[in-house]
Every structure is written in structure tokens, then in C-alpha cells.
Amino acid sequence: MNVQTIMVIGAGQMGSGIAQVCAQAGFNVILNDLKREFTDRGMGIILKNLSRQVEKGKLTTEQKDEIISRLTLSTDLQDANKADLIIEAAVENLDVKMKIFSQLDQIASPGAILASNTSSLPITEIAAATSRPEKVIGMHFMNPVPVMKLVEIIRGLATTDEVYETIEAVTKRLAKVPVEVNDFPGFVSNRVLMPMINEAIFTLYEGVASKEAIDEVMKLGMNHPMGPLTLADFIGLDTCLYIMETLHEGFGDDKYRPCPLLRKYVKAGWLGRKSGRGFYVYE
């Protein structure tokens, strides 16, 4: 299958990053969101990232301008009919994603592939909202997208080999490393990562050590680039809670029970970096 135009739905941190790497790889990209202010903010993130690459000598000004020329902003979901591949990067909520995929199924051309950047939700269930489950697949990019190499590719129950091979080829063209993962809650990345973060929060909750000490142990003792509580703030505590709830519900195992302190912080609006306060305070 020949992919030339990619539509990215959701112009937040993940969506704008996906749009950037797709445009850098030579694809024509439509960056879509509900409001113009959201797409403008997403384009602002892309411009800032590309300008930084120019300053570091990794891109010329001409190359930056060429990448930007391949990006189009959109607030109309009907633009999906122009795309060969649509990557959904909306909020991590199953009902929202299923509604988007149901709409895309009506709008997108019959041959278009529908991909979700979900970090934990079942691809098979998302695909069931469409009449083309064989053309639905998961593409889980890591944050920050322009830097991180991994993309988890998740087959749904009906995903065809041709669709998988197309997405694998697109991923390689983005200079990313595709890793095939089966459709289980949290896939591999978050099934392993989130319980570790949750356990770090329990360690703080139970008074075993201070937040600084917990992070320092994992950085110096386990060679992690950042501590689990700092990482939770970076990901967003609301996202961490949602993924833990997805794991808990999906497996029915109490080892995935979200820490009460995580719930308390989310209810207080302490969501991490994006809200200015999580386990740490951000100016």
C-alpha cells in the first residue's frame, strides 16, 4: 500500500510530534484538531523544535521551510478523505477514540489505514467501531516523539499482514524502530513501566523515602535517565492513572491497583508538568 498523505488527529504534544516526524520523512501531513487555537499551538511546538535543530546545525533553514511546507492545519474531520493513513492521537479515552474511529470509517477512503497512538487501550475494541477492522492498527509512539526511536505496532484481531507491513515500512521511513506487540492492556511498554511508577508512588505514600530519594535510587542504582516520580510528572499523572485503571480493569489483578496518592493528586488537579505541579513544582 502506498502512503503519501498522513492525517494526524490531535495537535497536542504527541500529535504535533508525530506530525513533525512524518513531515520530516517527506510525507504530506494534515494536522487536525477541534479548534484552530489547538492546531496553531501544535504548529508552534513544531516550529520551536525545528528552529532548535537549525540552531544546532542539524537542519538548514531551507530544509526547515521545506518541512513546514508539507504541513497543513485542519479543523474539519472531513479532510480525512484526502489521507492514505490516519493516525489518531486524541485523549486516552476509549469512548472518545471509538467515536473518532466510527466517524473516520464514514469519511476516509476505503483503502485508508486507521491507526491509533493509544498507549494502553485495546486495538481490537477500537477497530470494532468501524466496518474495516482489518485496516485498523496501533502505532504507539514514545514521548517526546522527535527524539524517541521506539514505535510499538499493535495488531488487532483482524489486522491484515499487508496493513502491518505498510505500517512497519512507514515507521522505518520515519527513522523509528518498529516492534510488534500483541493486543493486551498496556502492550509491553506501559504494562512494565506503569506498575513501576505506581509502586514508586506507593513507596512515597507509605513514607519509605522522600520523592527526591526515590528518584535518586532509581537513577543511580538502576541507571534510569530520570526517576519514576519525575517521569510520572512528565507523562501526566492523569494519564498514569488512566493507564493503571485500564490495566486493573483489563487483567482484574490487584497488583495493578492505582495508588490512592495518585488518585488524590489527580483529583486536586496536580497533573505534573502540564499543570505546573505534580510530585514536584514547576515554574
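Here the structure is a predicted model, which is why all the values come from computation and not from measurement.

**Section: the side chain of Thr166**
And then number 1: Inspection of the secondary structure assignment puts Thr166 in helix α6 (residues 161–173).
And then number 2: Taking relative accessible area as the criterion, Thr166 reaches 7% and is therefore assigned buried.
And then number 3: Filtering out sequence-adjacent residues up to four positions away, Thr166 remains in contact with Met1, Val3 and Ile113.

**A closer look at the UniProt feature "domain: 3-hydroxyacyl-CoA dehydrogenase C-terminal" (unreviewed entry) in the chain**
And then number 1: Taken from the UniProt record, the annotation "domain: 3-hydroxyacyl-CoA dehydrogenase C-terminal" (unreviewed entry) applies to residues 186–282.
And then number 2: A helix fraction of 62% and a strand fraction of 0% characterise residues 186–282, whose end C-alpha atoms lie 28 Å from each other.

**Observations concerning the nonpolar core**
And then number 1: Counting residues in hydrophobic clusters, the biggest one holds 35 residues, and the most contacted among them are Ile6, Ile18, Phe27, Val29, Leu85, Ile137 and Leu174.
And then number 2: A total of five residues in this core trace back to one element, the largest contributor, which is helix α1 (residues 13–24).
And then number 3: Once residues within four sequence positions are removed from consideration, Leu85 is found in contact with Val3, Thr5, Ile6, Met7, Ile113, Ala115, Ile167 and Val170.

**Side note on the layout of surface pockets**
A probe as big as a water molecule, rolled over the atoms, marks out the empty space that is left.
And then number 1: Taken as a whole, the second largest pocket encloses approximately 660 Å³ of empty space.
And then number 2: If you tally residues by element for the lining of the second largest pocket, the top one is α1, at six residues.
And then number 3: Grouping the constituent residues of the lining of the second largest pocket by class yields ten nonpolar, eight polar and seven charged.

**A closer look at unusual backbone geometry**
What is expected of a backbone is that most residues other than glycine have negative phi and most peptide bonds are trans.
And then number 1: For the bond running from Asn143 to Pro144, omega is 0°, close enough to zero to count as cis.
And then number 2: Mapped onto the elements of the fold, Pro144 is located in the loop between β6 (136–141) and β7 (150–155).
And then number 3: The phi torsion at Ala175 lies on the positive side, around 65°, for a residue other than glycine.
And then number 4: In this fold, Ala175 is placed in the loop between α6 and β8 (177–181).
And then number 5: The partly exposed category is assigned to Ala175, whose relative accessible area is 44%.
And then number 6: The phi torsion at Asn223 lies on the positive side, around 60°, for a residue other than glycine.

**Some details on the domain arrangement of the chain**
And then number 1: Segmentation of the chain into domains returns domain 1 (5–182) and domain 2 (190–273).
And then number 2: Its C-alpha centre places domain 1 at a distance of 27 Å from the equivalent point of domain 2.
And then number 3: Facing the ten residues of domain 1 at the interface are five residues of domain 2.
And then number 4: Across the domain 1 to domain 2 interface the summed buried area is about 610 Å²; carbon plus sulfur atoms make up 56%.
And then number 5: Among the residues domain 1 hides against domain 2, the three largest losses belong to Glu92, Ser119 and Ser120. Together they make up 52% of the total.

**Quick word on the packing of aromatic side chains**
And then number 1: For the coordinates displayed, the defined rule picks out four aromatic pairs.
And then number 2: Taken together, the aromatic side chains of Tyr265, Trp270 and Phe279 make up a single cluster linked through ring pairs.
And then number 3: The residue whose ring lies beneath Arg155 is Tyr164, and the NZ or CZ to ring-centre distance is 4.5 Å.
And then number 4: Positioned above the aromatic ring of Trp270 is the side chain of Arg277, whose terminal nitrogen or guanidinium carbon lies 3.8 Å from the ring centre.

**Thoughts on the pairing of β7**
And then number 1: β7 sits mainly inside the fold: five of its six residues count as buried.
And then number 2: As paired strands, β6 and β7 are joined by five bridges and run antiparallel to one another. Within β7, the position partnered with Gly138 by the bridge is Ile154.
And then number 3: One ladder, built from five bridges, connects β7 with β8; its direction is parallel. When the bridges of β8 are listed, Ile154 appears paired with Val181.
And then number 4: Between β7 and its parallel partner β8, the chain crosses via α6, and the hand of that crossover is right-handed.

What counts and what doesn't
- Residues numbered from 1 in each chain as written.
- Predicted model: local features only at pLDDT ≥ 70, side-chain atom pairs only at ≥ 80, totals over all residues.
- Heavy atoms only, no water.
- Helix = DSSP H or I, 4+ residues; strand = E, 2+ residues; numbered from the N terminus.
- Buried < 20%, exposed > 50% of the residue type's maximum accessible area, 1.4 Å probe, protein only.
- Contact = heavy atoms within 4.5 Å.
- UniProt positions renumbered as here; feature names shortened; annotations may be inferred.
- Core = buried A, V, L, I, M, F, W, Y, C linked by side-chain atoms within 4.5 Å.
- 1 Å grid on protein atoms, 1.4 Å probe; cavity = no way out; pocket = protein on both sides within 12 Å on 5 of 7 lines; lining within 4 Å.
- Points joined across faces, edges and corners; volume = space filled by probe spheres on them.
- Nonpolar A, V, L, I, M, F, W, Y, C, P; charged D, E, K, R; others polar.
- Domains from an automatic or database assignment.
- Buried area = accessible area lost by both parts, 1.4 Å probe.
- Phe/Tyr/Trp six-rings, centres within 6.5 Å; stacked < 30°, edge-to-face > 60°.
- Lys NZ or Arg CZ within 6 Å of the ring centre and 35° of its normal.
- Pairing = 2+ DSSP bridges.
- Right-handed = clockwise from strand over helix to strand, strands pointing away.

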